Amino acid sequence: GGGVGSLPAGLGQPLSAGRVDPAGMARLSACRGLVSEAQADELVEWEEAQRYPLAAEAVGVHVMARETQLREIVASCEGSWGEAVPRLYYHSDREVAAESYTLSHGRWGISANLAADALPGDLPARAGVGVAAAAATDARGRARRLHRIAALNLPERPSSQGEHWTISHDKGMTWNTWLRFKMKAIFEFSVRAHWAELQETEWYVYVDDDTYVLWQPLLELLRRYDSRAAHYFGRPLHEAGYPLFVGGGAGIVLSRAAARQIIALKDAEVCDPLSLKWAERVHSGGDAWLGDCAESAGVHTDMEFGFYPQPPVSNLFHLFADAVAFHGVENHAAMHSALRANGTAAAFDPRCVPVFADHKYSCLPHFIIGGVPKAGTTSLYKYLLEHPDVLPAADKELTFWGNFFSPKRRPSRDDVMGDYLPKFPKISPSDFKVTGEATPGYLYCLTCPTYILKYMPKVRLIFTLRDPVPRAYSEYLNKAADRTVVRYLNKRIDNKMEKELSDAAPPFSALVADVAKTMASCGSPNRTFSMMDEYSDEMEEAGCYVNPFVGEGRYVRYLKLWLGMVPRRQLLLLNFDAWTASAEAAQEAMGRVAAFLQLAPFSFRVDEAHNTHANRSVHVDRDAASDADAIKGQSVEAQLPRRDRCVLRDFFAPYNAALAGLLAQHGYEPMTEAWGAGAAAGCPAKSGWRFAEELPAAPHATGAAAGGEEERRRCGTVDHPCLAGSDTQAT
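Treat the numbers as computed from the prediction; the structure is a model and nothing was measured. (Residues numbered from 1 in each chain as written. Predicted model: local features only at pLDDT ≥ 70, side-chain atom pairs only at ≥ 80, totals over all residues. Heavy atoms only, no water.)

### Observations concerning the nonpolar core
Alright, step 1. Membership of the largest hydrophobic core comes to 106 residues, with the highest contact counts inside it found for Trp-401, Tyr-420, Leu-559 and Trp-562.
Alright, step 2. Take this core: its biggest share by element is eight residues, from helix H23 (residues 642–665).
Alright, step 3. Dropping the residues within four chain positions of it, Trp-562 is found in contact with Tyr-442, Leu-443, Cys-448, Pro-449, Ile-452, Leu-461, Phe-463 and Leu-571.
Alright, step 4. Val-59, Ala-323, Val-329 and Met-335 belong to the second-largest nonpolar core, a separate cluster that totals 44 residues. (Core = buried A, V, L, I, M, F, W, Y, C linked by side-chain atoms within 4.5 Å. Buried < 20%, exposed > 50% of the residue type's maximum accessible area, 1.4 Å probe, protein only. Helix = DSSP H or I, 4+ residues; strand = E, 2+ residues; numbered from the N terminus. Contact = heavy atoms within 4.5 Å.)

What follows is the structure in structure tokens.
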């Protein structure tokens, strides 16, 4: 609308509502067969003819400079993007600016090169002070384009009796209030100041001092608009229930017509910086003040999306073809060099997933070892740290996303940025290193896959699984060594874990007897639950609870959720019993892990086993290792009485069978066939499970299982075939 000329014959119907450059839309239309190539060429020529003539000198770019760094900001901008901008103004407090530059007298203190009508004698030089000389000319006699300083008398605080104040000497106003006054002062100067070049301005662009402006794309964007119409655009911000306005930082653009409409309200109550029209809105700085004034003046926001709140990493510039400005650029020179080298410089490692924080990009953690306890997670992690391209986190187990005790944690972005990422080394996209953590409880966390993938969408996940029978006993031995068995057993989803240590741990055989009781009273593997599971009153009344040492071995319950959400290329499963069988097997497994994490081949030292119950420590800064060969002959399962071993084999049989099917379904190597091979010899053939229906498809069963009262009545016995003749009592 508002363009010059008319469309070629036969054209003019809407083609798409997508964000496509007008010239690109013609080519896209031809590609889709909507118009011919000849019509596309004609449409491109017509579209180019619709551009409004605009001289570069008709665009004023106003930089809101930090007071204490004015000289550095001027040098940074003019040594990069500002070099091409003919009308570039820097705004700061007058008293601060006068410490570095010679300024004119009057309402606005300006540098000499802005006061084109001033005589040299009007601007006396000071000893030791840089002077922007208006009389300086280049070889062709044109006035030099030096930076222009527009120093302002910043607002007086209420009841200050004329006392001025600066950012560094706040006398009572809030920060946002000060920003509103500063925005008003800059806006009024840019529109009302009487110098000729300001009066000739057709477009006003307001940016922060850490904004990098792409000058030619900005000019091309402005040429699509008529400055005689009211236009107001940049990065649109919206809060529910309030009018749309343009966020500051990346750039606020006003046409001359829009600026004139707004300036007419400068003294109206609706434009009072001390009293925002929408005071309860979250955003309440200078950009919000200008947005309120624009809305009151009938100037509405145009939707433009080329103003980005943060910069891209160097090899992703092609994703920002519509960019006209990037906010958050602390090093303009580096950004300038990266843009000029784009397409030729290899400044970004493709393994890096960048995150923007503290005005710079760093890489997200590359991997998480998420399970299971007593299946070699500490050894895997410490083996990985031997690789020269792997850096440790603050500790091996960060337990951030959730675990057995908080299986439904839902961290926010602030939690991730403030509590999680600072625990990893800052890794530059141009000097990539692999880092990650290993928290074995993540497998059992219901919300973990959702939130891990939400904030780290390309993270690589490793799970090492172990035969659940020796795994359960191994974890019991670890907790017994730590004196934490009792508090671990007493933890449920709805109560806090007891802190005190205790030597009054029940023997493992008593816990196995409880498992036998559960199999008899609960009847079906579908209905069991442990401390990390949701459960119904009916399941609890039926005696379906299993202790966590055993409950954690029902891998299929939890792994199904991960396999259904994590892309196959991002998830590696290892069989602990296979990769710990020999040094060669461990070396082969670490080779698979290195390839999975896209690391260069490396010969790992795998002769130590970390965090055994004989030598405990999961911390990255403490060594607690046992000789791997020495402990290979110490079978944990062989230490169990036959009856305990048989009960557990019987308990895990349906879960292992379901796991085998799940792994086959997702294309993973089988691992359950070898678990307990030969160990079940001599065990009764009769199962302690009363019902043999298949396990449920969904993890974390929450409703009543089939059978109800009739099932419980028929399953009243607590005897298990393996306990026949035993004096072990269920506890």
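### Thoughts on helix H14 (residues 468–482)
Alright, step 1. When the terminal C-alpha atoms of H14 are compared, their 21 Å separation across 15 residues agrees well with the 21 Å that a helix rising 1.5 Å per residue should span.
Alright, step 2. In terms of residue burial, H14 counts as a mostly covered element, since twelve of its 15 residues are buried.
Alright, step 3. Looking only at H14, the buried set comprises Pro-468, Val-469, Pro-470, Arg-471, Ala-472, Tyr-473, Ser-474, Glu-475, Tyr-476, Leu-477, Asn-478 and Lys-479.
Alright, step 4. On the buried face of H14, the contacting elements are helix H15 (485–489), helix H16 (508–522), helix H18 (548–551), helix H19 (555–565) and H23. (Expected span 1.5 Å × (residues − 1).)

### Concerning the packing of helix H5 (residues 175–192) against helix H9 (residues 286–296)
Alright, step 1. The contact between H5 and H9 brings their axes to 7 Å, and the two run at 60°. Put simply, H5 runs oblique to H9. The interaxial crossing formed by H5 with H9 has right-handed handedness. Residues Leu-179, Arg-180, Met-183, Lys-184 and Phe-187 of H5 lie in contact with H9, whose contacting residues are Gly-286, Trp-289 and Leu-290.
Alright, step 2. Per-class residue counts for the contact of H5 with H9 are five nonpolar, one polar and two charged. (Axes fitted to C-alpha atoms, helices over the stretch in contact; angles between N-to-C directions. Parallel < 35°, antiparallel > 145°, perpendicular 65-115°, else oblique. Left-handed = near helix turned anticlockwise from the far one by under 90°. Nonpolar A, V, L, I, M, F, W, Y, C, P; charged D, E, K, R; others polar.)

### A short note on the side chain of Asp-209
Alright, step 1. As for its placement among the helices and strands, Asp-209 is situated in the loop between strand E5 (203–208) and strand E6 (212–213).
Alright, step 2. Discounting chain neighbours no more than four positions away, the residues touching Asp-209 are Val-63, Met-64, Ala-65, Arg-66, Ile-73, Cys-77 and His-332.

### Concerning the sheet that holds strand E15 (residues 390–392)
Alright, step 1. Taken in spatial order, the five strands of this open sheet run E15-E16-E14-E17-E18, and their pairing is parallel. Because the sheet does not close on itself, it has two edges, and the strands there are E15 and strand E18 (571–575). Averaged over all neighbouring strand pairs, the angle between strand axes comes to 25°, with direction disregarded. (Pairing = 2+ DSSP bridges.)

### Points about unusual backbone geometry
Working note: non-glycine residues mostly have negative phi, and peptide bonds are mostly trans.
Alright, step 1. Look at the link from Gly-371 to Val-372: it is a cis peptide, with omega at 0°.
Alright, step 2. Inspection of the secondary structure puts Val-372 in the loop between strand E14 (367–371) and helix H11 (377–384).
Alright, step 3. Positive phi, close to 60°, is recorded for Lys-374, a residue that is not glycine.
Alright, step 4. Counting through the fold element by element, Lys-374 comes out in the loop between E14 and H11.
Alright, step 5. The class of Lys-374 is buried, set by a relative accessible area of 15%.
Alright, step 6. Within the chain, Thr-399 stands out as a residue other than glycine whose phi angle is a positive 50°.
Alright, step 7. Its place among the elements puts Thr-399 in the loop between E15 and helix H12 (413–420).

### Some thoughts on the packing of H16 against H23
Alright, step 1. Their axes nearest at 10 Å, the elements H16 and H23 cross at an angle of 40°. Between H16 and H23, the angle falls in the class oblique. Remark: the crossing between H16 and H23 carries left-handed chirality. Where H16 approaches H23, its residues Phe-508, Ser-509, Val-512, Val-515, Ala-516 and Met-519 are matched on the opposing element by Asp-644, Val-647, Leu-648, Asp-650 and Phe-651.
Alright, step 2. When its residues are assigned to classes, the contact of H16 with H23 shows eight nonpolar, one polar and two charged.

### Some words on the packing of aromatic side chains
Alright, step 1. For the structure on display, the rule yields 30 aromatic pairs.
Alright, step 2. With centroids separated by 5.7 Å and ring planes inclined at 80°, the aromatic side chains of Tyr-476 and Phe-549 adopt a geometry described as edge-to-face. Of the two residues, Tyr-476 is situated in helix H14 and Phe-549 in helix H18; the sequence distance between them amounts to 73 residues. Neither Tyr-476 nor Phe-549 differs from the other in exposure class; each is buried.
Alright, step 3. Judged by centre distance (5.4 Å) and plane angle (45°), the ring pair of Tyr-488 and Phe-549 falls under tilted. Of the two residues, Tyr-488 is situated in helix H15 and Phe-549 in helix H18; the sequence distance between them amounts to 61 residues.
Alright, step 4. Of the residues examined, Tyr-488 reaches a relative accessible area of 3% and is grouped as buried.
Alright, step 5. Pairwise contacts between aromatic rings join Phe-400, Trp-401, Tyr-420, Phe-424 and Tyr-455 into one cluster.
Alright, step 6. Positioned above the aromatic ring of Tyr-101 is the side chain of Arg-71, whose terminal nitrogen or guanidinium carbon lies 5.2 Å from the ring centre. (Phe/Tyr/Trp six-rings, centres within 6.5 Å; stacked < 30°, edge-to-face > 60°. Lys NZ or Arg CZ within 6 Å of the ring centre and 35° of its normal.)

### What about the confidence of the model for the protein chain?
Alright, step 1. In the predicted model, the protein chain carries a mean pLDDT of 78, and the fraction of residues at 70 or more is 76%.
Alright, step 2. Mean pLDDT values over the elements of the protein chain span from 36, in helix H24 (residues 708–714), up to 98, in strand E17 (residues 460–465).
Alright, step 3. This model gives residues 1–19 a pLDDT under 50, and the stretch forms 23 contacts once residues within four places in sequence are excluded.
Alright, step 4. Low confidence marks residues 156–171, where pLDDT is under 50. Its contacts with residues over four positions away, or in another chain, come to 29 contacts. (pLDDT = per-residue confidence, 0-100.)

### A word on the side chain of Glu-475
Alright, step 1. Along the chain, the position of Glu-475 falls in helix H14.
Alright, step 2. Residue classification places Glu-475 among the buried residues on the basis of a relative accessible area of 2%.
Alright, step 3. Excluding residues that lie within four positions of it along the chain, Glu-475 makes contacts with Pro-373, Lys-374, Tyr-488, Pro-548, Phe-549 and Glu-552.

### Brief notes about the state of the cysteines
Alright, step 1. What the rule picks out here adds up to five disulfides.
Alright, step 2. Here Cys-271 pairs with Cys-293 through a disulfide, and the sulfurs are 2.1 Å apart. One end of the pair, Cys-271, is in the loop between helix H8 (256–263) and H9; the other, Cys-293, is in helix H9, and 22 residues separate them in sequence.
Alright, step 3. On the basis of relative accessibility, which here comes to 1%, the residue Cys-271 falls in the buried class.
Alright, step 4. On the basis of relative accessible area, Cys-293 is assigned to the buried category, the value being 0%. (Disulfide = S-S within 2.5 Å.)

### So, the pattern of salt bridges
Side chains bearing opposite charge may pair, as long as their charged atoms lie close to each other.
Alright, step 1. Counted according to the given criterion, the structure contains 17 salt bridges.
Alright, step 2. Between Arg-228 and Asp-226 there is a salt bridge, and its shortest N-O distance comes to 3.0 Å.
Alright, step 3. Classification of Asp-226 by relative accessible area gives buried; the value is 18%.
Alright, step 4. Across the pair Arg-605 and Asp-607 runs a salt bridge, and its minimum N-O distance is 3.5 Å.
Alright, step 5. On the basis of relative accessible area, Arg-605 is assigned to the partly exposed category, the value being 49%.
Alright, step 6. The partly exposed category is assigned to Asp-607, whose relative accessible area is 38%. (Salt bridge = Lys/Arg side-chain N within 4 Å of Asp/Glu carboxyl O.)

### Some details on the sheet that holds strand E4 (residues 148–152)
Alright, step 1. Taken in spatial order, the eight strands of this open sheet run E3-E4-E2-E1-E5-E8-E7-E9, and their pairing is mixed. With one partner strand each, in any of the chains shown, strand E3 (109–110) and strand E9 (301–303) form the two edges of the open sheet.
Alright, step 2. In this sheet, strand E8 (residues 245–255) lies alongside strand E7 (residues 232–237) in antiparallel orientation, the contact comprising six bridges. Paired with Leu-237 across the strands is Phe-245, a residue of E8.
Alright, step 3. Those strands touched by helix H7 (residues 215–222) are strand E1 (59–64), E5, E7 and E8, and its axis lies near 125° from that of E1.

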